[in-house]
Amino acid sequence: MTIDPTPPDDSPAAARLAVLAAASGGDAGAVYQVVSGLMTEGTPFHTVLFEVLAPLEAEVGRRWEQGDFGISEEHVITATLETVVALLAGSFDIEPGARRLVVACAEGDAHSLPARMVAAYLVFLGWRAVFLGPGHPAAELEAFLQEQPPEALVLSCTITTALPGARKCIRAAHRTGVPVLAGGPGYGPAGRWASALGADAWANDPDDVDAILNSWEPDPAASEAAAVDGGDALRRMGARRADLVAAVLGALEEAEAAALVDPAQLRSDLD
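Residues numbered from 1 in each chain as written. Predicted model: local features only at pLDDT ≥ 70, side-chain atom pairs only at ≥ 80, totals over all residues. Heavy atoms only, no water.

Chemist: What's the story with the nonpolar core in this structure? I'm lost.
Modeler: In summary, soluble globular proteins display a tendency toward joint burial of nonpolar side chains. One finds Val19, Leu49, Leu53, Leu81, Leu122, Leu181 and Leu213 to be the most contacted residues of the largest nonpolar core, which totals 51 residues. Considering every element that reaches this core, the biggest residue donor is helix α5 (residues 113-124), with 9 residues. Sequence-distant contacts of Leu81, that is, excluding residues within four places in its chain, are made with Val19, Ala23, Val31, Leu53, Leu56, Glu57 and Leu113. One finds Ala106, Leu132, Leu141 and Ala199 within the second-largest nonpolar core, a separate group that totals 24 residues. (Core = buried A, V, L, I, M, F, W, Y, C linked by side-chain atoms within 4.5 Å. Buried < 20%, exposed > 50% of the residue type's maximum accessible area, 1.4 Å probe, protein only. Helix = DSSP H or I, 4+ residues; strand = E, 2+ residues; numbered from the N terminus. Contact = heavy atoms within 4.5 Å.)

As C-alpha cells, this is what we get:
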C-alpha cells in the first residue's frame, strides 16, 4: 500500500487522517513527512503536536477501550507517533547556555507520549529538556536529579492509579531541592490533587509550562511540608481495589467469554 503523505487539505482533521493511515502501518517516515510538511507550510509546532498528534492518540485510546483496536494496533500507532515526536525534537538546535529541565512520567505511569510531546515543545521554545521516559522509578529519579540537578522537574501523570507513584517522585525531587511542575489528567480536574501531593505548581496547557517556569518562585521545602502522603487512606483504597477485582473475577467465572481469556491476564487488566 502506497501512502500519500500529503493531506487532502490543510485542516488538522485532514492531517490526522493522513497520520493515522501512516501510523497504522508503523510508517514513521510517512508520518514525519506529513507533519514536517505542515510545518514547512507555516503550521505552528504547537498545532502539530497538540491539535494533530495529541487528539489522534486520544482517539486511538478510545478505540482501544471500545474494542475497535487491539493492543498491537494501539501499540504500533503510539510507538510510531513517539518516534516522530522524538525526531521532531531532535531537529531543533539547543543553545549551549539553555536552561535545563527534566521531564518524566510518574512511577507506575506507562503513558509517555504526552510527556514526550511537552518535552519536545519545551526544546522548541529554547529549553534543554531531558526526557526520562515512562514510569520512572522514584529512587532512580532521585539519584539522577542529585547527580545533575535541573532547574525543575516536569512530572506527567495521566492516570489516577499512578498518583502514589507521582507522590514518590515529587518527594524524591524535593529531597534534592528540585521543584516540581505537575501536569496531566491524572492529577484530577484542574489539577486539584497536585498541590496535595506536594507539587510546587500545576500546568493545564503546554504553554502554561513555559509561562510558569519563567515566572514562579517555588519553595520545595514549603511544598513538601504541605504535602499529604495518604497514610491509611491509600492502604484502604488498595484493599478495596483487591476486593473489587476478586468480585469481578468471581462474577465472570460462569461467563462464556471468560473462558476465552487468560485468567492471569484478566486479573492483571482488571487490577
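Chemist: Just to check I follow, could you spell out the packing of aromatic side chains for this structure?
Modeler: Counting across every chain of the model gives 5 aromatic pairs. Measuring from centroid to centroid gives 6.0 Å for Tyr121 and Phe124, while their planes differ by 20°, and the two rings are stacked. Of this pair, Tyr121 and Phe124 both sit in helix α5, 3 residues apart, which is roughly one turn of that helix. On the basis of relative accessible area, Phe124 is assigned to the partly exposed category, the value being 39%. (Phe/Tyr/Trp six-rings, centres within 6.5 Å; stacked < 30°, edge-to-face > 60°.)

Chemist: Please explain the pattern of salt bridges as it appears in this structure.
Modeler: Pairing between side chains of opposite charge can happen when the charged atoms of each approach one another. Summed over the entire model, instances satisfying the criterion amount to 7 salt bridges. Taken together, the shared-partner salt bridges in this structure form one network comprising Glu59, Arg62 and Arg63. (Salt bridge = Lys/Arg side-chain N within 4 Å of Asp/Glu carboxyl O.)

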